[in-house]
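Summary of the model geometry
Next come the chains, spelled out residue by residue.
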Amino acid sequence: MDVVVLGIGINGLAVIRSLGSKGLVVGGVYNDATEEIGIHSKYLSACIEFSVKSSCETLYRACLDLIADSKSKPVLICTTDLFAELVASNSEMFELSFTLTTPDKYLYWKFLQKQPTAKICIDNGVAIPSTIFV
């Protein structure tokens, strides 16, 4: 397994297709089989379900199950806020077995908070579309 995609809805499907079409072996983790269409991609080698009510350790173990036969350290890609928050908050655990694309918790929360991000854009003249504060 080269890559594990967390969240295989429409965004995850795009990631799966782009990487799989380049010959990478892609696995996925989903939490809703009725809405996450990436489950049906011909480029998805394996997938596993994760309940959003489960612990982060359960997610980590599910990811480890997907990469059990891997010879290298796969890349972990989060395509939803739910998974990005779990990985960012527990990056020390995930980085033991995966190459992470999610920033650490501090930086993740900086960008999740829209107001500071909007201020950076305004301060640098990148307020398109214009930002409205309520």
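Residues numbered from 1 in each chain as written. Predicted model: local features only at pLDDT ≥ 70, side-chain atom pairs only at ≥ 80, totals over all residues. Heavy atoms only, no water.

Thoughts on the sheet that holds strand β3 (residues 44–49)
In plain terms, the rule: Strand pairing is assigned whenever DSSP identifies at least 2 bridges connecting the two strands. Helix and strand labels come from DSSP, where a helix needs a run of H or I of at least four residues and a strand needs a run of E of at least two; each type is numbered from the N terminus. Any two residues whose heavy atoms approach within 4.5 Å are treated as being in contact. All axes are obtained by fitting lines to C-alpha atoms, using only the stretch in contact for helices, and the reported angles, taken between N-to-C directions, cover 0 to 180 degrees.
Sheet architecture is open: five strands sit in the order β3-β2-β1-β4-β5, paired in parallel fashion. With one partner strand each, in any of the chains shown, β3 and β5 (99–100) form the two edges of the open sheet. Pairing geometry for strand β1 (residues 3–6) and strand β4 (residues 75–78), over four bridges, is parallel. What sits directly across from L6, in β4, is C78. Strands in contact with helix α1 (residues 10–20) are β1, β2 (26–30), β3 and β4; relative to β1, the strand with the most contacts, it is inclined by about 165°. Its contacts with the sheet place helix α3 (residues 81–89) against β1, β2, β4 and β5, and it is angled at close to 130° to β4.

Structural notes on the side chain of S91
The line we're drawing: We call a residue buried when its accessible area falls under 20% of the maximum for its residue type, exposed when it is over 50%, and partly exposed in between, using a 1.4 Å probe and counting protein chains only.
Summarising the element assignment, S91 is placed in helix α4 (residues 91–94). What makes S91 buried here is its relative accessible area of 9%. Those residues in contact with S91 that sit more than four places away from it in its chain are L100 and D104.

Some points on the pattern of salt bridges
The test is simple: By convention in these notes, a salt bridge is any Lys or Arg side-chain nitrogen within 4 Å of a carboxyl oxygen on Asp or Glu.
Evaluation of the coordinates by the stated rule reveals one salt bridge. Measuring nitrogen to oxygen at the nearest pair gives 2.8 Å for the salt bridge that ties D123 to K119. Of this pair, D123 and K119 both sit in helix α6 (residues 114–123), four residues apart, roughly one helical turn.

Quick look at the packing of aromatic side chains
To describe a pair of aromatic rings, you give the distance between the ring centres and the angle between the ring planes. Which entries qualify depends on this criterion: The criterion for an aromatic pair is that two Phe, Tyr or Trp rings (for Trp, the six-membered ring) have centres within 6.5 Å, with stacked assigned to planes under 30 degrees apart, edge-to-face to planes over 60 apart and tilted to the rest.
In this structure the tally under the stated criterion is three aromatic pairs. Aromatic pair F50 and F83: ring centres 5.9 Å apart, planes at 45°, arrangement tilted. With F50 in the loop between β3 and α2 (56–66) and F83 in helix α3, the pair connects residues that are 33 residues apart, well separated along the chain. On the basis of relative accessibility, which here comes to 2%, the residue F50 falls in the buried class.

What about the nonpolar core?
Test applied: Definition of nonpolar core: a set of buried residues of the types Ala, Val, Leu, Ile, Met, Phe, Trp, Tyr and Cys, connected through side-chain atoms within 4.5 Å.
Among the nonpolar cores identified, the biggest contains 19 residues, and V4, L6, V29, C63 and F94 are the most heavily contacted of them. Contributions of two or more residues to this core are made by β1, α2, β4, α3 and α4. With five residues, α2 is the largest single contributor of residues to this core. Not counting the four nearest positions on each side in its chain, C63 is found in contact with V4, L6, V29, L76, F94 and F98. Core analysis: the second largest hydrophobic core is formed by nine residues, V3, V15, Y30 and L44 among them.

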